[in-house]
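# Close look at the chain arrangement
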Amino acid sequence: MAESRTSAQGGMETSYGFRDVPEGEKQGLVNEVFHKVAKRYDIMNDVMSAGLHRVWKDAMVAALNPRKDPAYRVLDVAGGTGDIAFRIVEASGRQAHATVLDINGSMLGVGAERAEKKGLSPNLTFVEANAEDLPFDANSFDAYTIAFGIRNVPRIDVALKEAHRVLKRGGRLLVLEFSEVEMPLLDRFYDQWSFNAIPRFGKMITGDSEPYQYLVESIRKFPNQRDFATMISEAGFSRVTFTNYTGGIAALHSGWKI
C-alpha cells in the first residue's frame, strides 16, 4: 500500500490513519488511542510486530552503545512506558541518565511504576511534554531516541528540528519506526496480517479494535525509509543512514549533530 504513504514534503500532520482530519485535531485523537492502550502497551507491540519489537529495540540500544558514564544523558521521546530507557540505562551499567518524555500521562504513569519496581528510578526522569516543543535547553543531551512514536507526532519536521536543537554537538539521533516492506512476498503477508489479524487480536485483548486499526493505518501513511531519511537530513542532521529490520517491516534511522 505504498501509494497511500505521505512523503518528505509532509502530510502526517492531518492524517489520522487513512482519515484526513483538520490541522490541530490529530494530537487529541492520538492521545485518546494511547490512553486506551497504556496498560497493555507491551501486548500491543507484541501483536503489531509478532514479538519482534523486542529484538529490534535491543538492536537499537546496541547501535547506540551508551557510555558507562554518569554524565551521559539520553532523551527518549514518546517512550512513556520506559521500554527503551530501561534498556539504555541497563546497557550503561546503570550509569547513564535517561529522561523519558511523553505527551500522554497515562503512559508515563505506567513507566514510572515499572521503573520503581526495577530499581531504576534514580537513573530516570519522567516528563510530560510535546515532542514538537521540548522543555529543555539547547545542547542538553548526548542522544535522542524515539521508538515507534515519530509517526504519531503531527508535525514530524518540527519534532526533528527540536531533536537537533536539544542535542549536543556530536550527539546522535536514533529513530526506530515501522516502515515499508521491501521483500515482495513478505509485503503481501504483512498486509494481510496487519489489516485482518491485528485489529481482531486487539479487540480480543482490549475489547476495542479501533486503536489497532489506527495504528495499522498510520504505519502505511508514514513516509518510506528514503523519504524519512530526507526529512532527517532537512532537519540539520549529518551522516544520515537507515538499517532495515525484517525486510523493512521496521527501520532504524540514524543521524548526527555535527
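Provided above is the structure to which this section pertains.
The text that follows walks through the structure, step by step, so that each part is easy to find.

The rules behind each value
Residues numbered from 1 in each chain as written. Predicted model: local features only at pLDDT ≥ 70, side-chain atom pairs only at ≥ 80, totals over all residues. Heavy atoms only, no water. Helix = DSSP H or I, 4+ residues; strand = E, 2+ residues; numbered from the N terminus. Rg over C-alpha atoms; globule rule 2.2 N^0.38 Å. Buried < 20%, exposed > 50% of the residue type's maximum accessible area, 1.4 Å probe, protein only. Contact = heavy atoms within 4.5 Å. Lys, Arg positive; Asp, Glu negative; His and termini not counted. Charge placed at Lys NZ, Arg CZ, Asp CG, Glu CD. Expected span 1.5 Å × (residues − 1). Arc of directions from axis to C-beta. Polar contact = N/O pair within 3.5 Å; in protein donor to acceptor, adjacent residues only side chain to side chain. Pairing = 2+ DSSP bridges. Axes fitted to C-alpha atoms, helices over the stretch in contact; angles between N-to-C directions. Right-handed = clockwise from strand over helix to strand, strands pointing away. Salt bridge = Lys/Arg side-chain N within 4 Å of Asp/Glu carboxyl O. Phe/Tyr/Trp six-rings, centres within 6.5 Å; stacked < 30°, edge-to-face > 60°. Parallel < 35°, antiparallel > 145°, perpendicular 65-115°, else oblique. Left-handed = near helix turned anticlockwise from the far one by under 90°.

### Considering the overall build of the protein chain
In terms of regular secondary structure, the protein chain is built from nine helices and nine strands. Whereas a compact globule of 258 residues would reach a radius of gyration of roughly 18 Å, the protein chain reaches 17 Å, a difference of no more than 12%. On the principal axes, the C-alpha backbone points of the protein chain span a range of 45 × 40 × 35 Å. Taken across its 258 residues, the protein chain has 55% of its residues classed as buried. Long-range contacts, defined here as pairs at least 24 residues apart, represent 76% of the contacts in the protein chain between residues at least 6 apart. Here the protein chain holds 31 positive side-chain charges and 33 negative ones, and the gap between their average locations is 5 Å.

### Structural notes on helix α5 (residues 105-118)
Over its 14 residues, α5 runs 20 Å from end to end, which matches the ideal 20 Å to within 8%, given 1.5 Å per residue. Buried within α5 we find Met107, Leu108, Val110, Gly111 and Ala115. The buried side chains of α5 occupy one side of the element, clustering within an arc of 160° when seen end-on. Turned more than 90 degrees away from the buried face of α5 sit Glu116 and Lys117, all of them exposed. Capping the start of α5 is the job of one residue whose side-chain oxygen sits 3.0 Å from the backbone nitrogen of serine 106: asparagine 104. Taken from the residues just after α5, glycine 119 is the one with a positive phi, measuring 70°.

### Thoughts on the sheet that holds strand β9 (residues 250-256)
Pairing is mixed across the open sheet formed by seven strands, whose spatial order is β5-β4-β3-β6-β7-β9-β8. The open sheet has two free edges, formed respectively by β5 (124-128) and β8 (238-245), since each of these has just one partner strand. For this sheet, the mean angle separating the axes of adjacent strands, direction not counted, is 15°. Direction of pairing for strand β7 (residues 167-178) relative to β9: antiparallel, over a ladder of seven bridges. Bridge pairing in β9 places phenylalanine 178 opposite alanine 250. In the packing of helix α6 (residues 156-166) onto the sheet, the strands contacted are β3 (73-77), β6 (141-147) and β7, and the crossing angle to β7 comes to about 145°.

### Section: the pairing of β6
With respect to burial, β6 is a largely interior element, seven of its seven residues being buried. Relative to β6, β3 is paired through four bridges, and the arrangement is parallel. If you follow valine 77 over to β6, its bridge partner there is isoleucine 146. Two elements, β6 and β7, share six bridges in a ladder whose sense is parallel. By the bridge assignment for β7, alanine 147 is matched with leucine 176. Remark: the β6/α6/β7 crossover connection has right-handed handedness.

### Focus on the pattern of salt bridges
Throughout the structure, instances matching the rule amount to 13 salt bridges. In this structure, glutamate 182 and arginine 226 form a salt bridge, with 2.8 Å as the shortest nitrogen-oxygen distance. Residue glutamate 182 is located in the loop between β7 and α7 (184-206), and its partner arginine 226 is located in helix α9 (residues 225-234); the two are separated by 44 residues in the primary sequence. Residue glutamate 182 is classed as partly exposed on the basis of its relative accessible area, which comes to 36%. Ionic contacts of the salt-bridge type, sharing partners, join the residues Lys57, Asp58, Asp83 and Arg87 into one network.

### Let's talk about the side chain of histidine 253
Topologically, histidine 253 is positioned in strand β9. Here glutamine 225 takes part through its backbone oxygen, which lies 3.1 Å from a polar atom of the side chain of histidine 253. The contacts of histidine 253, once residues within four sequence positions are left out, are Leu173, Leu174, Val175, Gln225, Phe228, Ala229, Ile232, Thr241 and Phe242.

### Description of the packing of aromatic side chains
By the definition in use, this model includes seven aromatic pairs. Ring geometry for tryptophan 56 against phenylalanine 148: centres 6.2 Å apart, planes inclined by 50°, an arrangement best described as tilted. In this pair, tryptophan 56 sits in helix α3 (residues 53-64) while phenylalanine 148 sits in the loop between β6 and α6, placing the two residues 92 residues apart along the sequence. There is no split in this pair, since tryptophan 56 and phenylalanine 148 are both buried.

### Digging into the packing of α6 against α9
Close contact between α6 and α9 brings their axes to 9 Å; oriented N to C, the two are set at 50°. Taken together, the axes of α6 and α9 lie oblique to each other. Note on packing geometry: the crossing formed by α6 with α9 is right-handed. Residues Ile156, Asp157 and Leu160 of α6 form the contact with α9, whose participating residues are Phe228, Met231 and Ile232.

### Observations concerning the environment of glycine 247
Tracing the sequence through the fold places glycine 247 in the loop between β8 and β9. Placed 74 residues apart in sequence, glycine 247 and leucine 173 show a C-alpha to C-alpha distance of 22 Å. Apart from residues no more than four positions distant in its own chain, glycine 247 is found in contact with Glu180, Val181, Glu182, Met183 and Leu186.

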